[in-house]
Amino acid sequence: MTSFTAEVFQNEFLPAGADTVDAVVTVRSAGDGVVGGPRPDSVEMIVIDTSGSMQEDGGRKMQAAKAATQAAIDTIDDGVYFAIVGGNAGAYMIYPRDGLAIANPQTRDEAKKMVARTRANGGTAIGSWLKAAAYLAELRPGAIAHCLLLTDGKNQHEEDWVLDNAIAACTGLFQCDARGLGSDWDIEEMRKIATALLGTVDIIPRPEDMEAEFTRLTEAAMGKQVGSVALRLWTPKGSISEFVKQVAPNLEDLTVTAQPVNPLTNDYPLGSWAGEEERDYHVRVRIPVGNVGDERLAARVMLVIDGIDQPAALVRAIWTDDEGLSTRINREVAHYTGQAELADVIADGLAARDAGDAATATVKLGRAVQIAHQAGNGDTVRLLQKVVDVDDPGGGTVRLRREVDRADEMALDVRSTRTVRVNRD
Amino acid sequence: MVMNGDDTGRSTAATGLGDEPAAVPATVDGAVAVDALVCASCGEEAPPGTTWCEACGHELSTEPKPACVSCGEREVDPDEGYCLSCGYRQPRERDHVRLDEGPVVAVSDRGRRHHDNEDAVAIGTVAPVIDVRDGHRDGGAGPSGESPVAVLVVCDGVSSTAGSAEASSRAAQAACDALLVGLSDPGAVEGAEAATVGGDPATPAGPMALAPLFERAVEAAQGEAAGAADDPTAPDTKPDDGGSPSSTLVSVVVRPLPGGTVELSTAWVGDSRAYWVGPDEALRLTGDDHELQGGLIRWLGADSVDPTPDLARAVVGGPGHLVVCTDGLWRYVAEPAELAALLRRLVEEGRSGVGLAEALVSHANQQGGHDNITVALWSSDHEVATGDGPPPPDTSETSEREATP
């Protein structure tokens, strides 16, 4: 059985009159090695872009996509329900002919053969691809369903609202990792999909990077043990839950995903979990102010695992006139506040750069270099260095580079929400 | 030691059934069925007669929850102590403690500004170990001739280090227990034996007959305070800043002597104090182990540099009050004369016994209650109605102060 724990990190001491309580909640899953009943059904769907643009560049992209999909098929465990879907102006089944196949050596072989025969042509209508995945996922209700979505272009051949409707129809049915190949796709479109469907978004800059990424994502999907986890948050009467964010392994604002349980309690879906996994969440609650010496429970954090709630972790507020206590900086809260600022200044800096505001872009991206340098975001520093020349990382002194590869800029943008874990040594 | 409000009497089972208890059948295991139950845990409605929520497995309760002291909603979770509506932390047992042991009483209070009560108090009495062959009770000793020996121990957990609430409560109890055991067994302490059995109780042998007993008691207290550092279950909320759990300690043994005088033997580590307020005198019995800037220089705990107590002995004429307290009280009445004036006023208002201790604590709270407040009180005339005006002048006039640091 997989068990879950939630641990709260905070400074519970507030100065007189303060009403804002910050806490970082670390959620851990741990398998105890005991096989607790049958593993739930798994559904793996690979949806690949087969629009005409995939055939450009002498067919290199399509060849790489086929090879990557075949490699991913090889990592699907026996017994897993799976399907390969092709996408252009509509969606069509590559394998099986209809519905879901059950993975075994024979079906995997058949699937790889059908992938090899796929041809690229036509437009891009991503909403219709997602609807096909929703139809397939609904064939195995209650299963842990995952979709790997690949596109190399923008959603050109349907209206925005069609995509939005499709995303809404998929929410809660499956998780989706969205990947963009090259630099002609739209980050916001793919981010919208991944955020709503509790997955990740990333760029695959070159066709030859695709196979490793597909294999990694499919293997990770095979490791999921628990399909439905939610963070249940009780806050006191008269309080405001200002935000609930996932802050590690990447930033994801969950505030708007709140599902009311009762007037004081909301559920925030956390998707499926592997047997050994850790994620951090930052919760900020504003509560009615107490007197010095008073204590108030600011939040009660529970985990709902497949509909059953687990023992709670408590976020507390104690008002004190001892400044030695109230001014203590909680390491976890400070670290993730910094990580959130890092993502913000990268987004602001790139937006300013796009708008031709070099002065703002230099300041913002300089600050980004400074935070990333101090917090140990080595990958982010490397991405920033492709957009700016760094004179002094500690001081945040940078110069904008004249020539920037579009894919590098996109990589910085799309990976700006990746965080490093707080150092707990 | 008795804790007031400790309900050991018979209690009838509360049913909380509402309007028609007679119509409600009890199930075999004693649980009670009512018409509509809503699970307190998941909010699911449960069919009548069930004792467990079928949706989440939570035990269904038919008891109304206690009312919140802050918002009044009947939503207090009795296990966790928080209101399930407004989140307010309900008062805990240690927030306000009352002890009543006849001539010796105590009140300990969280105060107005601190979140936890890290003070601790322990009191007790023991029959005097006297040689009845002496027949010294014929000397017109009056009511005090039968008075038991009283032990008062007050500890102030140092609020800047985590675990000090545990350190102070363990230290106070250990010191009190050691003193009571020693005083009830004259063979256990040579000095005490010499003083009470071999010598003349009216003129105790040596300046501090109880010194060995105090040293043993404080040693026990130091061991307990140091042990608090190792106790992972110690309830505390403060981040650990590296200091060990630590506490002050002041302990007084009160021995009524024939002739109406009283021997007060005092041992202390730190800045908690003892005062004697008699009819004509008000004395401070302890010194503060403070450096010039006011920081503690001696305390009990794993990181204590010098846990040896200071000792002092005084023989005073009754009637009067011994006040043993933490700085949560004495910061408002530091001078003996101020404390004497306050006591006189409260006694004139009719306060006595534990009510007088409560009134002292209330006074500190009215002054701001900036710290935890603990008062242990021994009154020579605890059974005599107070407010009768000043007692006749005492003739012994004996008061001395020795072994001050």
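Residues numbered from 1 in each chain as written. Chains lettered and ligands numbered in written order. Predicted model: local features only at pLDDT ≥ 70, side-chain atom pairs only at ≥ 80, totals over all residues. Heavy atoms only, no water.

### Some words on the overall build of chain A
Logical step 1: For chain A, the helix and strand inventory stands at eleven helices and 21 strands.
Logical step 2: Taking 2.2 N^0.38 as the reference for a compact globule, 425 residues should give roughly 22 Å; the C-alpha atoms of chain A span a radius of gyration of 23 Å, in line with that estimate.
Logical step 3: Projecting the C-alpha coordinates of chain A onto the three principal axes gives extents of approximately 75 × 60 × 40 Å.
Logical step 4: Counting over 425 residues, chain A shows a buried share of 55%.
Logical step 5: When contacts within chain A are restricted to residue pairs at least 6 apart in sequence, long-range pairs at least 24 apart make up 74% of them.
Logical step 6: Carbon and sulfur atoms provide 49% of the accessible area of chain A, an area that totals close to 17900 Å².
Logical step 7: Of note, chain A has its 44 positive side-chain charges centred 2 Å away from the centre of its 64 negative side-chain charges. (Helix = DSSP H or I, 4+ residues; strand = E, 2+ residues; numbered from the N terminus. Rg over C-alpha atoms; globule rule 2.2 N^0.38 Å. Buried < 20%, exposed > 50% of the residue type's maximum accessible area, 1.4 Å probe, protein only. Contact = heavy atoms within 4.5 Å. Areas by Shrake-Rupley, 256 points an atom, 1.4 Å probe, with all protein chains shown as cover. Lys, Arg positive; Asp, Glu negative; His and termini not counted. Charge placed at Lys NZ, Arg CZ, Asp CG, Glu CD.)

### Some points on helix α6 (residues 210–222) of chain A
Logical step 1: For α6 of chain A, with 13 residues, the first-to-last C-alpha span of 18 Å sits near the 18 Å given by 1.5 Å per residue.
Logical step 2: Along its buried surface, α6 of chain A packs onto β4 (42–49), α1 (60–74), β8 (144–151), β9 (175–181), β10 (201–204) and β11 (224–234) of chain A. (Expected span 1.5 Å × (residues − 1).)

### As for the nonpolar core
All names here are of chain A.
Logical step 1: Core analysis: the largest hydrophobic core is formed by 55 residues, its most contacted members being Leu130, Leu149, Phe174 and Ile193.
Logical step 2: Among the elements that make up this core, the one with the highest residue count is helix α3 (residues 126–137) (eight residues).
Logical step 3: Structurally, this core is a two-domain feature, drawing no fewer than three residues from each of domain 2 (42–224) and domain 3 (332–414).
Logical step 4: Excluding residues within four positions of it along the chain, isoleucine 193 makes contact with Ile126, Leu130, Leu149, Leu163, Ile167 and Cys176. (Core = buried A, V, L, I, M, F, W, Y, C linked by side-chain atoms within 4.5 Å. Domains from an automatic or database assignment.)

### Describing the layout of surface pockets
One simple way to see leftover space: roll a probe sized like a water molecule over the atoms.
Residues and elements named next belong to chain A.
Logical step 1: Each pocket or cavity is described by its volume, and for the second largest pocket that value is around 1200 Å³.
Logical step 2: Looking at the second largest pocket, it is lined by 45 residues, and the ones nearest its centre are Gly199, Thr200, Gln246, Asn250 and Glu252.
Logical step 3: The residue makeup of the lining of the second largest pocket, split by class, is 19 nonpolar, ten polar and 16 charged. (1 Å grid on protein atoms, 1.4 Å probe; cavity = no way out; pocket = protein on both sides within 12 Å on 5 of 7 lines; lining within 4 Å. Points joined across faces, edges and corners; volume = space filled by probe spheres on them. Nonpolar A, V, L, I, M, F, W, Y, C, P; charged D, E, K, R; others polar.)

### Looking at the packing of aromatic side chains
Logical step 1: Counted under the stated rule, the structure contains three aromatic pairs over all chains.
Logical step 2: In this structure, lysine 245 of chain A is placed above the aromatic ring of phenylalanine 243 of chain A, and the distance from its NZ or CZ to the ring centre is 4.2 Å.
Logical step 3: Lying across the ring of tryptophan 330 of chain B, arginine 273 of chain B places its NZ or CZ 3.4 Å from the centre. (Phe/Tyr/Trp six-rings, centres within 6.5 Å; stacked < 30°, edge-to-face > 60°. Lys NZ or Arg CZ within 6 Å of the ring centre and 35° of its normal.)

### Let's talk about the environment of valine 151 of chain B
All names here are of chain B.
Logical step 1: Along the polypeptide, valine 151 turns up in strand β6 (residues 149–156).
Logical step 2: Classification of valine 151 as buried rests on a relative accessible area of 0%.
Logical step 3: For valine 151 and valine 252, which are 101 residues apart along the polypeptide, the C-alpha to C-alpha distance reads 5.9 Å.

### Some thoughts on unusual backbone geometry
All names here are of chain A.
Logical step 1: A cis geometry characterises the amide bond from tyrosine 95 onward to proline 96, with omega recorded as -15°.
Logical step 2: Relative to the helices and strands, proline 96 resides in the loop between β6 (91–95) and β7 (101–102).
Logical step 3: The step from alanine 248 to proline 249 runs through a cis peptide bond, and the omega angle for that step is 10°.
Logical step 4: Along the chain, proline 249 turns up in the loop between β12 (240–248) and β13 (252–253).
Logical step 5: Although it is not a glycine, aspartate 57 adopts a positive phi angle of roughly 65°.
Logical step 6: By the element assignment, aspartate 57 lies in the loop between β4 and α1.
Logical step 7: Phi angles above zero are rare outside glycine, and leucine 198 is one such case at about 55°.
Logical step 8: On the secondary structure map, leucine 198 appears in the loop between α5 (187–196) and β10.

### Observations regarding the interface of chain A and chain B
Logical step 1: At the junction of the two partners, chain A supplies 20 residues and chain B supplies 21 residues.
Logical step 2: Both faces considered, chain A and chain B share a buried interface measuring about 1900 Å² in area, 45% of it formed by carbon and sulfur atoms.
Logical step 3: There are three salt bridges connecting chain A and chain B.
Logical step 4: A salt bridge links arginine 113 of chain B to aspartate 321 of chain A; the nearest nitrogen and oxygen atoms lie 2.9 Å apart.
Logical step 5: In this assembly, chain A and chain B are joined by 13 residue pairs in polar contact (both at pLDDT 80 or more).
Logical step 6: Of all the secondary-structure elements, those providing two or more residues to the side of chain A that touches chain B are β17 (295–305) and β19 (313–320) of chain A.
Logical step 7: In terms of residues, the side of chain A that touches chain B owes the most to one element, β17 of chain A, which gives four residues. (Buried area = accessible area lost by both parts, 1.4 Å probe. Salt bridge = Lys/Arg side-chain N within 4 Å of Asp/Glu carboxyl O. Polar contact = N/O pair within 3.5 Å; in protein donor to acceptor, adjacent residues only side chain to side chain.)

### Here we look at the sheet that holds β6 of chain B
All names here are of chain B.
Logical step 1: As summarised here, the arrangement of the five strands in space is β5-β6-β8-β9-β13, forming an open sheet in which the pairing is antiparallel. Both edges of this open sheet fall to β5 (119–126) and β13 (310–317), since each of them pairs with a single strand only. Across the sheet, the mean angle separating the axes of adjacent strands is 15° when strand polarity is ignored.
Logical step 2: Pairing of β6 with strand β8 (residues 249–256) involves five bridges; the strand directions are antiparallel. Bridge pairing in β8 links valine 154 to valine 250.
Logical step 3: Packed onto the sheet, helix α1 (residues 164–184) meets β5, β6 and β8 and runs at close to 15° relative to β5. (Pairing = 2+ DSSP bridges. Axes fitted to C-alpha atoms, helices over the stretch in contact; angles between N-to-C directions.)

### Looking at the packing of α3 of chain A against helix α4 (residues 160–170) of chain A
Residues and elements named next belong to chain A.
Logical step 1: Packing of α3 against α4 leaves a shortest axis separation of 8 Å and a crossing angle of 20°. Taken together, α3 and α4 sit at an angle that is classed as roughly parallel. In the packing of α3 onto α4, the handedness of the crossing is left-handed. Residues Ile126, Gly127, Leu130, Lys131 and Ala134 of α3 lie in contact with α4, whose contacting residues are Val162, Leu163, Ala166, Ile167 and Cys170.
Logical step 2: Counted by class, the contact of α3 with α4 contains eight nonpolar, one polar and one charged residues. (Parallel < 35°, antiparallel > 145°, perpendicular 65-115°, else oblique. Left-handed = near helix turned anticlockwise from the far one by under 90°.)

### Let's talk about the side chain of serine 272 of chain A
All names here are of chain A.
Logical step 1: Examined against the element boundaries, serine 272 turns out to sit in strand β15 (residues 265–274).
Logical step 2: A polar atom in the side chain of serine 272 sits 2.5 Å from the side chain of glutamine 175.
Logical step 3: Filtering out sequence-adjacent residues up to four positions away, serine 272 remains in contact with Ile144, Gln175, Lys224, Val226, Gly227, Glu277 and Arg279.

### Concerning the domain arrangement of chain A
The figure often quoted for interface size is the accessible area lost as the parts come together.
Residue and element names in this part refer to chain A.
Logical step 1: In terms of domain boundaries, chain A breaks down into domain 1 (2–34 + 227–327), domain 2 (42–224) and domain 3 (332–414).
Logical step 2: Computed from C-alpha atoms alone, the centre-to-centre distance between domain 2 and domain 3 is 31 Å.
Logical step 3: Facing seven residues of domain 2, the contacting portion of domain 3 comprises six residues.
Logical step 4: Its largest share of buried area at the contact with domain 3, domain 2 owes to Ser183, Ile187 and Ile203, together 62% of the area lost on that side.
Logical step 5: Applying the counting criterion to the domain 2 and domain 3 interface returns one salt bridge.
Logical step 6: A salt bridge links aspartate 413 to arginine 191, with the nearest nitrogen and oxygen atoms 3.6 Å apart.
Logical step 7: For the pair domain 2 and domain 3, the interface holds one residue pair in polar contact (both at pLDDT 80 or more).
Logical step 8: When contributions to the side of domain 2 that touches domain 3 are tallied by element, the ones reaching two or more residues are α5 and β10.
Logical step 9: When residues in the side of domain 2 that touches domain 3 are grouped by element, the largest group, three residues, is from β10.

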